[in-house]
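Next come the chains, spelled out residue by residue.
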Amino acid sequence: MQLVPGPVPVAPPPAKEINSNKRAGPLVERVAIIGLGLMGGSLGLALLQGGLAREVAGYDREVEAIQAAMQLGAINHQATCPEEAVAGAEVVILAVPVGALSQVAGAIAPALAPGTIVTDTGSVKGAVVRELESILQPRAFYVGGHPMAGSERAGIKAADRYLLENAVYVLTPTPATDAGALQRLEELFQVMGSRVMTLDPEEHDLVVAGISHLPHLLAVSLMQTAGILSREHPLALMLAAGGFRDTTRIAAGDPVMWRDIFLHNRQAILTLLKCWRRQVEALEGMIVRGDGEDLEAALQQARSLRAQVPVRQKGLLPALHELVVTVPDQPGVIGGMASVLGNAGINIIDIEILRVREGEGGSIRLGFTTAAAASKALEILQSKGINARVL
Ligand SMILES: NC(=O)C1=CN([C@@H]2O[C@H](COP(=O)(O)OP(=O)(O)OC[C@H]3O[C@@H](n4cnc5c(N)ncnc54)[C@H](O)[C@@H]3O)[C@@H](O)[C@H]2O)C=CC1
Ligand SMILES: O=C(O)C(=O)Cc1ccc(O)cc1
């Protein structure tokens with residue numbers, strides 16, 4: 001595996017209109033989801049509540065997860081085993097930790113009707129796609145998948161109907177992939193509101209090793225370092241400010257899920273770790289030598305690269321069009337602002353309280369999908385005497 005820049009990827013297509021009222025009926029009669037945690041639950045909610053599937057059958061090895069999924073409306077049929085869940089399903093989604101995918105695929109394989117489309121949400125693709133293709137094909141049509149959205153929270157209680165809306169959804173076809181199955185999944189996830197892109201499984205693994213798996217490993221190692229420090233200096237964690245919290249948020253992720261990711265994407269992670277070690281050693285050398293010039297140049301380069309990362313977005317999407325609004329410290333201010341914009345047909349798609357001090361008010365960042373919406377919002381807010389500016 002080489003770390004050589006390749007061609008610039010084509011941007012994923014925009015999310016499709018997800019208003020189910022505009023479609024004649026559901027896209028799929030019956031979907032089965034095995035693994036009803038954050039991802040399985042979120043997919044179930046989006047498919048059922050969005051009217052994309054008439055029936056979503058769910059199975060999880062934790063009976064409480066199945067019951068909670070029913071209560072939340074993430075599934076409308078609870079199965080007592082994986083085989084029962086997949087019987088009669090047109091599309092099967094495996095949303096279990098990467099290390100459990102092969103076992104689950106083996107369990108459902110004999111129960112799949114010929115031609116069933118199977119996909120998974122696993123964060124690693126190379127090894128997974130090879131194993132699942134060999135287990136499931138040619139009886140079923142398997143296409144690897146990885147929704148590029150999520151959080152450090154796990155379990156059905158963290159499921160969110162809108163988690164995958166506007167998020168990039170990677171599908172990883174191979175020469176053995178059925179073109180019709182790929183097309184159906186692309187359509188299903190696009191109508192769900194995701195932005196589908198296809199990637200070779202190995203390329204996927206190298207890229208996500210750099211932007212997801214290595215960062216997770218480093219967040220864990222930063223926490224371990226702070227843990228050692230705090231043994232002698234118990235104040236250390238109490239002093240931790242925003243920067244430490246930002247860089248270690250993901251270390252709160254599920255240990256089983258991340259153990260499986262690290263063990264299944266070993267090669268790519270080790271490649272990126274080697275690359276990272278060279279950067280750290282170079283920085284260390286500059287500090288040892290007291291080389292302020294090189295250090296400043298390295299910091300400047302990192303700063304410019306960081307500015308190129310599309311911020312405040314889900315996955316690889318273009319940046320939002322944003323306003324900052326300064327509001328007084330009064331109850332109902334945010335609600336009032338949202339209804340003024342809502343009445344004018346403007347949709348706020350992201351909102352963040354930047355800072356607030358009791359008695360002084362605060363600043364709120366509002367995100368819109370288009371420049372036109374942001375500019376109309378600016379005009380309306382200013383006409384109501386609200387202090388707003390473009391970010
Ligand atoms: N958490 C995240 O942000 C993202 C996770 N993924 C991937 O999606 C998959 C699922 O992740 P999450 O939903 O976050 O995990 P989760 O821990 O929230 O849910 C996993 C569910 O699978 C169930 N399960 C485990 N082994 C099982 C088995 N053998 N049979 C039936 N059920 C089983 C668990 O009881 C749990 O309810 C993983 O492969 C992960 O790598 C992909 C994108 C984002
Ligand atoms: O919490 C976050 O910011 C994440 O990046 C979540 C996440 C975790 C694992 C994935 O494979 C994809 C996304």
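Owing to the predicted nature of the structure, the values given are computational and were not obtained by experimental measurement. (Residues numbered from 1 in each chain as written. Chains lettered and ligands numbered in written order. Predicted model: local features only at pLDDT ≥ 70, side-chain atom pairs only at ≥ 80, totals over all residues. Heavy atoms only, no water.)

Caption draft 1: Looking closely at the overall build of the chain. From N to C terminus, the chain includes 14 helices and twelve strands. Expressed as a percentage of its 391 residues, the buried residues of the chain come to 42%. Considering only intrachain contacts with a sequence separation of at least 6, the fraction spanning at least 24 residues in the chain is 73%. Only carbon and sulfur atoms are counted for the fraction: they give 56% of the accessible area of the chain, which is about 21000 Å². (Helix = DSSP H or I, 4+ residues; strand = E, 2+ residues; numbered from the N terminus. Buried < 20%, exposed > 50% of the residue type's maximum accessible area, 1.4 Å probe, protein only. Contact = heavy atoms within 4.5 Å. Areas by Shrake-Rupley, 256 points an atom, 1.4 Å probe, with all protein chains shown as cover.)

Caption draft 2: Geometry of the packing of aromatic side chains. Counted according to the given criterion, the structure contains two aromatic pairs. Note on Tyr 169 and Phe 189: the rings are 3.9 Å apart at their centroids and 10 degrees apart in plane angle, and the pair reads as stacked. Of the two residues, Tyr 169 sits in strand β7 (residues 168-172) while Phe 189 sits in helix α6 (residues 179-191), which places them 20 residues apart along the sequence. Under the relative-accessibility criterion, Phe 189 is labelled buried at 0%. Ring centres of Trp 258 and Phe 262 lie 5.9 Å apart, and the angle between their planes is 45 degrees; on these two criteria the pair is classed as tilted. Taken together, the residues span about one helical turn, with Trp 258 and Phe 262 both in helix α10 (residues 255-264) at a distance of four residues. Each member of the pair, Trp 258 as well as Phe 262, is classed as buried. (Phe/Tyr/Trp six-rings, centres within 6.5 Å; stacked < 30°, edge-to-face > 60°.)

Caption draft 3: Quick peek at the pattern of salt bridges. A full pass over the atoms with the stated rule returns ten salt bridges. Note that Arg 365 and Asp 350 form a salt bridge whose closest N and O atoms lie 3.2 Å from each other. Of this pair, Arg 365 sits in strand β11 (residues 361-368) while Asp 350 sits in strand β10 (residues 350-357); the two residues are 15 residues apart in sequence, bridging distant segments of the chain. Look at Asp 350 and you get partly exposed, because its relative accessible area is 23%. Each of the salt bridges in this network shares a partner with another, and the network as a whole consists of Glu 322, Asp 350 and Arg 365. (Salt bridge = Lys/Arg side-chain N within 4 Å of Asp/Glu carboxyl O.)

Caption draft 4: Spatial organisation of the packing of helix α7 (residues 201-232) against α10. Where α7 meets α10, the axes come as close as 11 Å, and the angle between the chain directions of the two elements is 120 degrees. In terms of axis orientation, α7 runs oblique to α10. You can see that α7 and α10 cross each other, and the crossing is left-handed. Listed contacts from α10 to Ser 212, His 213, His 216 and Leu 217 of α7 are Trp 258, Ile 261 and Phe 262. (Axes fitted to C-alpha atoms, helices over the stretch in contact; angles between N-to-C directions. Parallel < 35°, antiparallel > 145°, perpendicular 65-115°, else oblique. Left-handed = near helix turned anticlockwise from the far one by under 90°.)

Caption draft 5: Geometry of the site of ligand 2. Close to ligand 2 lie Ser 123, His 146, Gly 150, Ser 151, Glu 152, Arg 249, Ile 250, Met 257 and Trp 258. A distance of 2.7 Å separates an oxygen atom of ligand 2 from a polar atom in the side chain of Ser 123. Taking His 146, its side chain carries an N or O atom lying 2.6 Å from an oxygen atom of ligand 2. Here ligand 2 has 340 Å² of accessible area as a free molecule, and 78% of this is covered by the chains. Class assignment of the residues belonging to the shell around ligand 2 gives a composition of three nonpolar, four polar and two charged. (Near = heavy atom within 4 Å. Polar contact = N/O pair within 3.5 Å; in protein donor to acceptor, adjacent residues only side chain to side chain. Nonpolar A, V, L, I, M, F, W, Y, C, P; charged D, E, K, R; others polar.)

Caption draft 6: Inspection of the site of ligand 1 at higher detail. In the vicinity of ligand 1 lie 27 residues, with Met 39, Asp 60, Val 96, Ser 123 and Gly 155 positioned nearest. In isolation ligand 1 has 830 Å² of accessible area, and contact with the protein removes 90% of it. Among the residues making up the shell around ligand 1, the classes are represented as 14 nonpolar, ten polar and three charged.

Caption draft 7: Representation of the domain arrangement of the chain in the model. Here the chain is described as being made up of domain 1 (26-199), domain 2 (204-306) and domain 3 (321-390). Taking the mean C-alpha position of each, domain 1 and domain 3 sit 37 Å from one another. (Domains from an automatic or database assignment.)

Caption draft 8: Structural view of unusual backbone geometry. The step from Gln 137 to Pro 138 runs through a cis peptide bond, and the omega angle for that step is 10 degrees. Within the secondary structure, Pro 138 is located in the loop between α5 (126-136) and β6 (141-147). In the Ramachandran plot, Asn 166 falls in the positive-phi region, its phi being about 70 degrees despite a non-glycine side chain. Counting through the fold element by element, Asn 166 comes out in the loop between β6 and β7.

Caption draft 9: The arrangement of the nonpolar core in detail. Counting 77 residues, the largest nonpolar core has Val 31, Leu 47, Val 92, Leu 94, Leu 136 and Met 192 as its most contacted members. Ranked by residues supplied to this core, first place goes to helix α1 (residues 38-49) with seven residues. Setting aside residues no more than four positions away along its own chain, Leu 136 makes contact with Ala 105, Ile 108, Ala 109, Leu 112, Val 118 and Tyr 142. Residues Leu 323, Val 325, Ala 377 and Leu 378 belong to the second largest nonpolar core, which totals 17 residues. (Core = buried A, V, L, I, M, F, W, Y, C linked by side-chain atoms within 4.5 Å.)

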